[in-house]
Amino acid sequence: RRSGGKSPALADSLGDTQELPHGLCNALSASRAPLLLAGDIDAVAALTDWLPDEATEQLVGCIRLTGDTERRTALAIARKRMAAIYQSAAKSFTHQVIERQHSGDTTLGFRAVLEALQSGAAQTVVLSDWDRFGHGLPWESKVEICFEALRQNARVILCDSLRLRKAGGVGCVLRHGHA
């Protein structure tokens, strides 16, 4: 905890313990996964203050819930918020891939991305997850890209973007040194 004393809300949730479990602290510090806090305003404020610096870097949002919110409702709200956060980040990343296509560190289109994957040059693939006739990739091509990305340990991000569909339905960021 960065500030000296334990907040009353956090103290109530912890009971007689003096701090959050050491294993939880280690897990939060080691994780690179997004972190979303949910709870009543006092508990969220206390937890945000308590978080190790490494976990704070992963914090993507807080959801204020009342103490009488059912667990199922809280999980549904958290899932909806995480989906919105993911979609926003995916659209932003996809926009950057398209904008940087002339810089040489990204490439667009099925053949170019497949070649980048097969040569080990692709770091992250963005794939349009919408397959309407005339835009994007056929389903079989999406599967081929995903299998090759798995073989090459490349990250795949799904994003429904009209610009990406018009650019061939797939793009990728190249690994440093492959541009």
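Just so we're clear, the structure is a prediction, and the values are computed from it rather than from any experiment.

Caption draft 1: Highlighting the environment of His 176. Position of His 176 relative to the elements: it lies in the segment after strand 6 (170-174). Each C-alpha atom of the pair His 176 and Gln 123 lies 8.6 Å from the other, and the pair is 53 residues apart in sequence.

Caption draft 2: Here's a closer look at the sheet that holds strand 3 (residues 106-108). The strand order across the open sheet formed by 4 strands is 3-6-4-5, and the pairing between neighbours is mixed. Where the open sheet ends on each side, the last strands, each with one partner, are strand 3 and strand 5 (155-158). When the angles between neighbouring strand axes are averaged without regard to direction, this sheet yields 20°. Note that strand 4 (residues 122-127) and strand 5 share 4 bridges and pair parallel. For Leu 127, the partnering residue across the bridge sits in strand 5 and is Leu 158. Relative to strand 6, helix 6 (residues 110-118) is tilted by about 35°, and along the sheet it contacts strand 3, strand 4 and strand 6. Seen against the sheet, helix 7 (residues 139-151) touches strand 4, strand 5 and strand 6 and runs at an angle of roughly 155° to strand 4.

Caption draft 3: Inspection of the side chain of Thr 106 at higher detail. Following the sequence through the fold, Thr 106 ends up in strand 3. Separated by 3.0 Å, the side chain of Thr 106 and the backbone oxygen of Val 97 make a polar contact. Setting aside residues up to four positions removed in sequence, Thr 106 forms contacts with Val 97, Arg 100, Gln 101, Cys 172, Val 173 and Leu 174.

Caption draft 4: Representation of the environment of Ile 145 in the model. With respect to the helices, strands and loops of the structure, Ile 145 is situated in helix 7. Separated by 31 residues in the primary sequence, Ile 145 and Leu 114 have C-alpha atoms spaced 6.3 Å apart. Contact partners of Ile 145, with chain neighbours within four places excluded, come to Phe 110, Val 113, Leu 114, Leu 117, Val 125 and Val 170.

Caption draft 5: Structural detail: the environment of Val 170. In this structure, Val 170 sits in strand 6. Along the chain, Val 170 and Ser 128 lie 42 residues apart, while their C-alpha atoms are 6.1 Å from each other. Look past the residues within four positions of Val 170 in its chain and what remains in contact with it is Leu 108, Gly 109, Phe 110, Val 113, Val 125, Val 126, Leu 127, Leu 137, Ile 145 and Leu 164.

Caption draft 6: Looking closely at the pattern of salt bridges. Scanning all chains against the criterion turns up 3 salt bridges. Between Asp 105 and Arg 100 there is a salt bridge whose closest N-O contact spans 2.8 Å. Taking the relative accessible area as the measure of exposure, Arg 100 reaches 30% and is therefore partly exposed. One salt bridge connects Glu 148 with Arg 151, and the closest N-O pair in it is separated by 2.9 Å. Of this pair, Glu 148 and Arg 151 are both found in helix 7, 3 residues apart, which corresponds to roughly one turn of the helix.

Caption draft 7: Representation of the nonpolar core within the structure. Val 113, Leu 117, Val 125, Ile 145, Val 170 and Cys 172 are the most contacted members of the largest nonpolar core, which totals 16 residues. Mapped by element, the contributors of at least two residues to this core are helix 6, strand 4, helix 7 and strand 6. Ranked by residues supplied to this core, first place goes to helix 6 with 5 residues. Listed in part, the 9 residues of the second largest apolar core include Val 97, Leu 108, Val 126 and Ile 157.

Conventions we followed
- Residues numbered from 1 in each chain as written.
- Predicted model: local features only at pLDDT ≥ 70, side-chain atom pairs only at ≥ 80, totals over all residues.
- Heavy atoms only, no water.
- Helix = DSSP H or I, 4+ residues; strand = E, 2+ residues; numbered from the N terminus.
- Pairing = 2+ DSSP bridges.
- Axes fitted to C-alpha atoms, helices over the stretch in contact; angles between N-to-C directions.
- Contact = heavy atoms within 4.5 Å.
- Polar contact = N/O pair within 3.5 Å; in protein donor to acceptor, adjacent residues only side chain to side chain.
- Salt bridge = Lys/Arg side-chain N within 4 Å of Asp/Glu carboxyl O.
- Buried < 20%, exposed > 50% of the residue type's maximum accessible area, 1.4 Å probe, protein only.
- Core = buried A, V, L, I, M, F, W, Y, C linked by side-chain atoms within 4.5 Å.

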